[in-house]
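Below are the chains, spelled out letter by letter.
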Amino acid sequence: MLADKQQAIFQRCSSMSLTLLLQGLAIGLVNGALYILTALGLTLIYGILHIVNFAHGEVFMLGAMLVYVVYVLWEWPLLAALPAIALTAAVVGWLVERGIFRRLRGQWLQLLVATVGVSLIIQSLSWLVFGAQEKNVPSILPGVLVAWGIRMPYERLAAAGIAMCMVAALYAVVYKTRSGLAMRAIEEDEETARMLGIDTDKVAGLAVALGFALAAMGGVFVAPIYSINPGMGLEAILMSFIIIIIGGLGNITGTLVAGLFIGVVQSMGALLLGAESAHVLVFVVMIAVLIFRPQGLMGKL
Amino acid sequence: MALVLMPAVATTYWMHIAIVVLLNITYTVALFSVLRMGYLSLGHAGFIALGAYTCVVLTVRLDISPWWGILGAGVMSGTVAWGLGAMTMRLRGIYFSLAIFAFGEIVVAFFRAFDWFGGPSGIANVPRPVFFGHALNDHFSFYWLVLCMSLFFMALLYRLQYTRYGATLLTLKTEASERLAQSVGIDAARLKTATFALSCAVVGTMGAVHAQYLMFINPQVFTFLTSTDLLIYAMVGGVSHFWGPVLGAGLLTLLGEQLFSAGYWKTLVYALVLMVVILSLPGGLVSLLDRVRDKWFSNLRN
Amino acid sequence: MKFVSIASGLMAACLALATQAHAQESFKIGNLSPLSGPAAAFGIGINRGIELAAEDVGTFQVAGKSYKLEVVPYDTSLDPGKTVAALNRAVLNDNVKYGFILGAAVHGAVLPIIRQNGFFDIFMGAAGKEVTNAENPTVFRFMASSDQLYYTFTPEIYKKLNIKRVAFMGPNNDLGRSDVKVLKEIATRLKGQGVEFVGEELVELNAKDFQASLLRLLAKNPDVIDTNASPTGTVGLIAKQARELGYKGYFISSTAVLEAKALVNVAGKGADNIVAYRIWSAAPTKLYDQIAERHQAKYKEATLGTVWEAYAATRWVVEAVQKAGTFDTKKVAEQLANSTFQFHPYGPASWGGDKTYGARRQIQTPLPASIIKDGVWTPLDVRMGTLE
């Protein structure tokens, strides 16, 4: 039985043309970039404040919903819609930090459950306000790029590109600006940072605002690729969890590497072994990382 | 006492509610025994599912008596939890939680993947136990089973808290105090793993009972959302006391059943209740009762 | 004096209202379907179908007493655990004996309860023999089943569109798996026509990215990708992603809610050449149009897919109850199975399935086939056979 299955897989692999395999790889890399886009906000908030923001997936969904409302229903121009959504998410994040995270500083269990509460509130409100019908944002960049026999829709390429820009931008902010320096300081040692005159409250607020904005932007750029419904948050956070477990909590490089890695594993796995096996494969990788390197591929324990 | 008298006066529907409430209370109390140690399990539902599936497979696929099914469920969950615990309890805080979360997802995906376990559609016609010739096929008789098992486990976990074993567990709450405990010769690792295993054995056993109640199991019955539900019950009730989780689970399950047809409204109300309690009463509802009790006593004294 | 007269006036009014309320009993019809979540359109459509039918039925007589219809909704989110809880509540607490239960996947859990209580199940869901069989006399499938579509419709469609290489992409659940099985059987039967089953991909039910699986399938060069068991949104995404990968063939789907606009929104030009059963591009009866107009006027949006079937089911069941003269579900089931109905929006309706399922519990109505051309549904001239 097993030998037959192995034969079948081998036959399948060898019968697949190089183009097919390359297409699979391309799909994997682009999907990986989309995963990075999805997970980045979660990484930032954990990285700076050591808070696992369970509401992350719902903010992602909110970004997608808002782009539907603002860009499609209200017909705002894209250049106005994007900053508006980012700003809204940032404000929500800042309010959440101020009203909830700050109150629960130090009580990690309560804090975690509070983020679960926030996610449930956002989710149920979205179902009630936006309704259950799936919504669609028309392609901003329709068309497919065909190069060397490989096809890739422009929309996805653009989103992948934006993902990379965001990673770069985040690096720049965290490592090259004063606010970023302040963030890294409070991550390292909050007491000392405060003693050195850093307004830790303000910096925490900024970090969460930025994290929420990143999550929402992720939703915005993924929206035209798939359809939108209020339930998409759960899937987003599950994927984000998997990425940060594998990449390392709070580690930007880890998110980058893990995102691309999982994207490719899923895509090539589905191509060569079938969708079910690919699904299992991702979990296997996750277990392996948790057992052999629990801090993630790039993390420090 | 009310619990014992209920079947005499209540309708079948209330029996259904009572059964669900008791199941949730037991799950939450078991989760609490892990929370007390300073560990957050985000995948307890995975162990409930493990127990449920073990029982179903034993009774439906292997034709073993449902009583052994229940026992087998507990043994399976407990053993797997012991192994998992041994591997993961050295991870602190969020890493442990994510590992257990991963486990929960994997368990469900595993049962989903194979037809022998029913695959995505699950297994139906799960048999119920037969008590001295009388099959527990209606809500009333099944209630007795659920009641006895819940009370047994609750009593067990309650008493354990007040033994030396239980008190020792409190010392493991933070890393620093754990190290201190170890320095006086307490085998922290063994203790933690044992507690985790016990907690999972309890939820696994009740999971089996739950599956027998539904007479059905499939991968969607116990998910990550179930784990978060249990967490919410514990937090709303309060994690400073044993009675906190009991209160939280009982209250919220009843509330949930009442708001049943409301779908999203139910989730919204749950979440708002949760936020209000967490922000204003970090000790949970049970701390409110404490305050009331203290005030009452101080009034008596005066 | 004035006070007394006002008070007595109020009392009289209250008394009148009270007796009025008692004069009319309600015939409760449960709706156990997703009312929230991605599949909510199905459940909400059923609610509305019942409401519209209630308007037309008004107050009716059963064995001398008058009744009016009352909908009792239960949100199941298509989850078996919740459906079990809902059915328990309906039967044990709310005294509901008749109801719509949506979802083939949830039926495994509820069939024992249905049998135990003789609950009259207006079943809306595909599946086949697992639900519709001689052991479930009070379960009636009020919509076309996948096997029915496969056995009687699909071969005609293949012939018409000159389809030879057949592939399947669907969810990895009961429905998907049984559809693949039947599809393979059909392909074998049609070997003489040159039809060949070339590949299948079973994916996660809620998956959104099918590119890798599609790639695998497209390597086998299919003429049609059968997406029968997938919900609307998924069909749209599959079509979009397949076109992006260069696929130029057909898709077939039998999902209940398949607005061309919804598909075009997702897939743009790629939605062309999607073939569907059960989508009427031109109204089959005046009643169909009337219901669509009333729905638009009352709910301010286009008619949801399940509305027509729910309307018909409600009216037909009420008619059967009246003819049987009792609410006893077994007797009503007998009456219903042997009747025909003239008020189904699709046309004259009857029951079949004696041979295929061992029980006459499968609705038979005229059904269309349509294909999307230039973003709108156009009729495909294919006749559907009757199920034995």
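Nothing here was measured: the structure is a model prediction, and the numbers come from that model.

Core analysis: the largest hydrophobic core is formed by 249 residues, its most contacted members being A:F241, B:F47, B:F196, B:F222 and C:I274. Excluding its chain neighbours within four sequence positions, the residues that come into contact with B:F222 are B:Y27, B:A45, B:I48, B:A49, B:A52, B:V108, B:H210 and B:I217.

Right, let's get into the interface of chain B and chain A. Of the residues lining the interface, 35 residues belong to chain B; the matching set on chain A comes to 38 residues. Together, B:Y95, B:Y264 and B:L279 form the three largest contributors to the area buried by chain B at its contact with chain A, with a combined 19%. Remark: the boundary between chain B and chain A carries zero salt bridges. In this assembly, chain B and chain A are joined by one residue pair in polar contact (both at pLDDT 80 or more). Mapped onto the side of chain B that touches chain A, the elements with two or more residues apiece are α5 (93-113), α10 (224-237) and α12 (264-280) of chain B.

So, about the side chain of A:E97. Take A:E97: it is sitting in helix α4 (residues 78-101). Leave out the neighbours within four places in its chain, and A:E97 touches A:R102, A:R105, A:D201, A:A204, A:G205 and A:V208.

A residue-level look at chain A finds 94% of positions with pLDDT of 70 or above and a mean pLDDT of 86. For chain A, the element scoring lowest by mean pLDDT is helix α1 (residues 2-15) of chain A, at 57; helix α3 (residues 56-73) of chain A scores highest, at 93.

Residue and element names in this part refer to chain C. Bridging between strand β14 (residues 369-373) and strand β15 (residues 376-379) involves four bridges; their strand directions are antiparallel. From the neighbouring strand, I371 faces β15, where its bridge partner is T378. Hairpin connection of β14 to β15: two residues between the antiparallel strands, including D374 at a positive phi of 55°.

What follows concerns the sheet that holds strand β7 (residues 165-171) of chain C. Whenever strands of a sheet pair, they do so through backbone hydrogen bonds, lying parallel or antiparallel. All names here are of chain C. Pairing within the open sheet is mixed, and its seven strands lie in the order β8-β7-β9-β10-β11-β14-β15. Two strands in the sheet have a free side with no partner beyond their single neighbour: β8 (196-203) and β15. Across the sheet, the mean angle separating the axes of adjacent strands is 25° when strand polarity is ignored. Where strand β11 (residues 274-277) lies against β14, three bridges are found, and the strand directions are antiparallel. By the bridge assignment for β14, Y277 is matched with A369. On top of the sheet, helix α7 (residues 174-189) reaches β7, β8 and β9 (224-226); it is set at about 175° to β8, its chief contact. With respect to the sheet, helix α8 (residues 211-218) is in contact with β7, β8 and β9, its orientation differing from that of β8 by roughly 170°.

Residues and elements named next belong to chain A. Relative to each other, helix α2 (residues 18-49) and helix α7 (residues 178-188) sit at 60°, their axes nearing to 7 Å. When the axis of α2 is compared with that of α7, the two are oblique. Listed contacts from α7 to G47, I48 and L49 of α2 are M183, I186 and E187. Tallied by class, residues from the contact of α2 with α7 come to four nonpolar, one polar and one charged.

Attention shifts here to unusual backbone geometry. One non-glycine residue, B:M215, lies in positive phi territory at about 55°. A positive phi angle is found at C:N162, which is not glycine, with a value near 55°. With respect to the element layout, C:N162 can be found in the loop between α6 (154-161) and β7. With a relative accessible area of 52%, C:N162 lands in the exposed category.

With 22 residues of chain B at the contact, the number on the chain C side is 25 residues. Summed over both sides, the interface of chain B with chain C buries roughly 2,100 Å², with 56% coming from carbon and sulfur. For the pair chain B and chain C, the number of links is one salt bridge. With a closest N to O distance of 3.2 Å, C:E204 and B:R112 form a salt bridge.

Another aspect to go through is the packing of aromatic side chains. All names here are of chain C. Taken as a whole and assessed by the stated rule, the structure comprises 47 aromatic pairs over all chains. Ring geometry for F27 and F60: centres 6.3 Å apart, planes at 75°, overall edge-to-face. With a gap of 33 residues between them, F27 in strand β1 (residues 25-33) and F60 in strand β2 (residues 59-62) connect regions that are remote in the sequence. When sorted by exposure, F27 lands in the same class as F60, which is buried.

Criteria and thresholds
- Residues numbered from 1 in each chain as written.
- Chains lettered and ligands numbered in written order.
- Predicted model: local features only at pLDDT ≥ 70, side-chain atom pairs only at ≥ 80, totals over all residues.
- Heavy atoms only, no water.
- Core = buried A, V, L, I, M, F, W, Y, C linked by side-chain atoms within 4.5 Å.
- Buried < 20%, exposed > 50% of the residue type's maximum accessible area, 1.4 Å probe, protein only.
- Contact = heavy atoms within 4.5 Å.
- Buried area = accessible area lost by both parts, 1.4 Å probe.
- Salt bridge = Lys/Arg side-chain N within 4 Å of Asp/Glu carboxyl O.
- Polar contact = N/O pair within 3.5 Å; in protein donor to acceptor, adjacent residues only side chain to side chain.
- Helix = DSSP H or I, 4+ residues; strand = E, 2+ residues; numbered from the N terminus.
- pLDDT = per-residue confidence, 0-100.
- Pairing = 2+ DSSP bridges.
- Axes fitted to C-alpha atoms, helices over the stretch in contact; angles between N-to-C directions.
- Parallel < 35°, antiparallel > 145°, perpendicular 65-115°, else oblique.
- Nonpolar A, V, L, I, M, F, W, Y, C, P; charged D, E, K, R; others polar.
- Phe/Tyr/Trp six-rings, centres within 6.5 Å; stacked < 30°, edge-to-face > 60°.

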